[in-house]
Amino acid sequence: MGRERLKRRTLLAGIGACALLPRHGLAKEYIDLNWSDLVPEGDTIMPPMLQGLIDHDDTNLMSQQPPSSGLRTDWNGQIVRLPGFIVPIDYTGAGVTAFILVPFVGACVHVPPPPANQLVFVTTAEPYENTGLFEAVNVVGMFGTASMTTQLAEIGYALSAENIEPFRAN
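The text that follows walks through the structure, step by step, so that each part is easy to find. As the structure is a prediction and not an experimental result, all values here were calculated from the model.

**A look at the pattern of salt bridges**
As enumerated under the stated definition, the model contains 3 salt bridges in all. Asp-32 is paired through a salt bridge with Arg-81; the nearest N and O atoms lie 2.7 Å apart. Of this pair, Asp-32 sits in strand β1 (residues 31-32) while Arg-81 sits in strand β2 (residues 79-92), and the two are 49 residues apart along the sequence. Judged by relative accessible area, which is 35%, Asp-32 ranks as partly exposed. Note that Glu-41 is salt-bridged to Arg-72, the shortest N-O span being 3.7 Å.

This is the structure:
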């Protein structure tokens, strides 16, 4: 338990340090990523419609998390934009400051979490006032691999958010 806390604190400190770096203008100075980009080449992801085949009545959904097939390091240290849904982890009075970005509604809460390579731990210096559980957003910020475990799931990636906005399809 203490070792997991140390890992999480180290990860959060690293992500926090990224927030201190000079900010780049967000005028399309980012790489657009899709969830399939986070899976090693040649592997497939479990489509959300197959989530219905898993026992949702099990109280320990984390125990049903499929193993990750690996992580991609192609975008480590890059500014990226990734769409997804918010699963809040930490709040302040002004909004959410840490959350898991997931590829589909219900991931990590109503259904077992997807593999670690389909989960991104997001932190933000500016609290984001979300409209509710599972709000669809676009997150822009510095991206990287970061193995960590929360009580909801094992997570493979981290993103230090510079900008979070409601999702708008292009």
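**Details of the environment of Gly-84**
Relative to the helices and strands, Gly-84 resides in strand β2. Expressed as a C-alpha distance, the spacing of Gly-84 and Val-120, which sit 36 residues apart in the sequence, is 9.4 Å. Discounting chain neighbours no more than four positions away, the residues touching Gly-84 are Trp-35, Leu-101, Val-102, Glu-135, Ala-136 and Val-137.

**Some remarks on the pairing of strand β6 (residues 154-166)**
Inspection of the sheet shows strand β4 (residues 120-128) paired to β6 by 5 bridges, in the parallel sense. Each bridged residue has a counterpart across the sheet, and for Phe-121 the counterpart in β6 is Ala-158. For strand β5 (residues 136-149) and β6, the ladder comprises 11 bridges, and the chain directions are antiparallel. Pairing of Gly-144 across the sheet is with Ala-158, part of β6. In this antiparallel pair of consecutive strands, β5 and β6, the connection spans 4 residues.

Conventions used here
- Numbers given for residues are sequential positions, taken from 1 along each chain in its written order.
- The predicted origin of the model limits local features to residues at a pLDDT of at least 70 and limits the giving and counting of side-chain atom pairs to 80 or more, whereas totals for whole chains, interfaces and linings rest on all residues.
- Values shown for side chains rest on all heavy atoms present in the structure; no hydrogens or waters enter the calculation.
- The salt bridge criterion pairs a side-chain nitrogen of Lys or Arg with a carboxyl oxygen of Asp or Glu, the two atoms within 4 Å.
- Secondary structure elements follow DSSP: runs of H or I no shorter than four residues count as helices, runs of E no shorter than two count as strands, and numbering proceeds from the N terminus.
- Each residue gets one of three labels from its accessible area relative to the maximum for its type: buried under 20%, exposed over 50%, partly exposed in between, using a 1.4 Å probe on protein chains only.
- In this analysis, two residues are considered to be in contact whenever any of their non-hydrogen atoms come within 4.5 Å of each other.
- Pairing between two strands requires that DSSP report at least two bridges joining them.

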